[in-house]
Amino acid sequence: MRKLFLLAGEISGDTHGSGLMRSLLELSGGEEVRFYGYGGPQMKEVGGDAMLDWVEDAGVVGLWEVLKVYGWFKQKMADALAIVAREKPDAVILVDYPGFNLRLAKSLRDAGYDRPIIYYISPQVWAWKKGRVKTMAQLLDLMICIFPFEKELYEKSGLKTEFAGHPMVDRVKSLTKNISRQLDLVGFFPGSRANEVRRLFPTLIQTAQRLQSQRPGTRFVVSAANARLAGLMQELADAVGFPEAKEWIEIGTVYDLMQQVQVGVVASGTATLESACFGMPYILVYQVNPLTYVVGRAVMRIKFLGIVNILAGRQVVKEMVQGDFRPEPLAAGVLELMDEGEARKSLLQDLRETVGRLGEGGAYQRAAQAVWEQVAQAPVKA
């Protein structure tokens, strides 16, 4: 029997973690595999009761926001270490979520854990602190990355690295439908975390009001990741005095909407790459606590936030960040993309070219193969 401990702390990590887990079971060759750790509902569905669902509480963004719940995270760290000490898994697999997972890796080594520690969905250290790569090379046995340019970066430090391809390529293929884009339909995708929605949604409503006055007949739809966030959006719509916005909210239809809307406005994060894969013209938006933003800009080593722009090496998608995230320029940008002019055509072509760099599919299977090869180097526990 093989025991594997996994930890993911966000909705996207839960998706990737569960995909990896399913592929590990497929590749196990009949050998019993038992999963432990922290994830979300999808990982719990695969792994059973030993997988704890914590992503709704763990998906906190921003320095100040994390500090407010520091005690809770400290306890979760202690609990994770206790699980590993008790179960003695054959490997620990850390899925994205670097703020917590890199600390966990160090704590595990400090506690004497000598089995493989594998990182899946590599931390974007190229964006904020390349010096961390050397430290990671000392802690980790294998890095599995999903962007092609990351492999060389990690291998230079001596860390064994595999490029598995991006899982989104397979997911988009499976979710693509014969759906036509609806003229004058604008989609808002304000993120999968409550603090994102609180900061972004009121401005998105104001943007919609401007668009309605400038282009009568414009319609809107808002993607809510779950019922909890839909309820928060409804409260915010009432708070800003525009209850009509409550009628725009849909739950669980994000991928259909990305194929239906004429233009989207998308919170920085995984959804921006999903939007690109579905060929949806969009504008990236981002706003956090001012202190968080100042600290973040001080350590960032890249010019852009959006992964599409990073992959392209130039601005393909407009980014409206922090003080630039205002109703007036955002409405103007949306109107420009609603017209069938050069801006829209150029963006669509750039999105196709950039997405083409993510691989041909089979990412979870390649990642699972890399995990099994690493685990196979260690003897099976009785």
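1. Brief notes about the packing of helix H6 (residues 98-110) against helix H8 (residues 132-139)
Each pair of packed helices can be described by the angle between their axes along with the distance between the axes.
Part 1: Between H6 and H8, whose axes approach to 10 Å, the crossing angle comes to 45°. By the criterion of interaxial angle, the relationship of H6 to H8 is oblique. Note on packing geometry: the crossing formed by H6 with H8 is left-handed. Listed contacts from H8 to Leu102, Ala105, Lys106 and Arg109 of H6 are Arg132, Met136 and Leu139.
Part 2: Per-class residue counts for the contact of H6 with H8 are 4 nonpolar, no polar and 3 charged.

2. Considering the sheet that holds strand E5 (residues 117-120)
Part 1: Spatial ordering of the open sheet is given by E3-E2-E1-E4-E5-E6-E7, a layout of 7 strands whose pairing is parallel. A single partner strand is all that each edge strand has here, and the edge strands are strand E3 (51-53) and strand E7 (161-163). Each strand axis lies, on average, 20° off the axis of its neighbour in the sheet, ignoring direction.
Part 2: With 3 bridges connecting them, strand E6 (residues 142-145) and E7 associate as parallel partners. Within the sheet, the bridge partner assigned to Cys145 lies in E7 and is Phe163.
Part 3: The strands touched by helix H1 (residues 11-27) are strand E1 (2-8), strand E2 (33-39), E3, strand E4 (91-95) and E5; relative to E1, the strand with the most contacts, the crossing angle is about 165°.
Part 4: Strands in contact with H6 are E1, E4 and E5; relative to E5, the strand with the most contacts, it is inclined by about 170°.

3. A few points about the pairing of strand E11 (residues 263-267)
Part 1: Across the 5 residues that make up E11, a large majority, 5, are buried.
Part 2: Here E11 shows two buried faces, one formed by Val263, Val265 and Ala267 and the other by Gly264 and Val266.
Part 3: In this sheet, strand E12 (residues 282-286) lies alongside E11 in parallel orientation, the contact comprising 4 bridges. What sits directly across from Gly264, in E12, is Tyr282.
Part 4: Handedness of the crossover joining E11 and E12 through helix H14 (residues 270-277) is recorded here as right-handed.

4. A word on the packing of helix H5 (residues 70-87) against H6
Part 1: The N-to-C vectors of H5 and H6 enclose an angle of 45°; their axes lie 11 Å apart at closest approach. If you check the angle between H5 and H6, you find them oblique. As H5 runs across H6, the sense of the crossing is right-handed. Mapping the contact onto sequence places Phe73, Lys76, Met77, Ala80, Leu81 and Val84 in H5 and Phe100, Arg103, Leu104, Ser107 and Leu108 in H6.
Part 2: Each residue belonging to the contact of H5 with H6 can be placed in one class, and the counts come to 8 nonpolar, 1 polar and 2 charged.

5. Some thoughts on the packing of aromatic side chains
The geometry of two aromatic rings is summed up by the distance between their centres and the angle between their planes.
Part 1: One pass over the structure, following the stated rule, counts 13 aromatic pairs.
Part 2: With a centroid separation of 5.8 Å and an interplanar angle of 80°, the aromatic rings of Trp54 and Tyr97 are classed as edge-to-face. Here Tyr97 lies in the loop between E4 and H6 and Trp54 lies in the loop between E3 and helix H3 (55-58), a separation of 43 residues in the sequence.
Part 3: Each ring, one from Phe188 and one from Phe220, has its centre 5.7 Å from the other, and the planes form 20°; the classification is stacked. Taken together, the residues Phe188 in strand E8 (residues 185-189) and Phe220 in strand E9 (residues 219-224) connect sequence positions 32 residues apart. The pair formed by Phe188 and Phe220 is uniform in burial state, with each residue classed as buried.
Part 4: Every member of this aromatic cluster is reached through a ring pair, and the members are Tyr38, Trp54, Trp72, Phe73, Tyr97 and Phe100.
Part 5: Stacked on the ring of Tyr38, the Lys or Arg Lys76 has its end atom at 5.9 Å from the ring centre.

6. So, the nonpolar core
Part 1: Among the nonpolar cores identified, the biggest contains 93 residues, and Leu4 and Ile93 are the most heavily contacted of them.
Part 2: In contact with Ile93, other than residues within four places in its own chain, are Leu4, Phe5, Leu6, Leu7, Leu20, Leu24, Ile118, Tyr120 and Val371.
Part 3: Counting residues in hydrophobic clusters, the runner-up holds 31 residues, among them Trp54, Val55, Ala58 and Leu104.

Each value, and the rule that gives it
- Residues numbered from 1 in each chain as written.
- Predicted model: local features only at pLDDT ≥ 70, side-chain atom pairs only at ≥ 80, totals over all residues.
- Heavy atoms only, no water.
- Axes fitted to C-alpha atoms, helices over the stretch in contact; angles between N-to-C directions.
- Helix = DSSP H or I, 4+ residues; strand = E, 2+ residues; numbered from the N terminus.
- Parallel < 35°, antiparallel > 145°, perpendicular 65-115°, else oblique.
- Left-handed = near helix turned anticlockwise from the far one by under 90°.
- Contact = heavy atoms within 4.5 Å.
- Nonpolar A, V, L, I, M, F, W, Y, C, P; charged D, E, K, R; others polar.
- Pairing = 2+ DSSP bridges.
- Buried < 20%, exposed > 50% of the residue type's maximum accessible area, 1.4 Å probe, protein only.
- Right-handed = clockwise from strand over helix to strand, strands pointing away.
- Phe/Tyr/Trp six-rings, centres within 6.5 Å; stacked < 30°, edge-to-face > 60°.
- Lys NZ or Arg CZ within 6 Å of the ring centre and 35° of its normal.
- Core = buried A, V, L, I, M, F, W, Y, C linked by side-chain atoms within 4.5 Å.

These results come straight from atomic positions and should not be treated as a statement about function.
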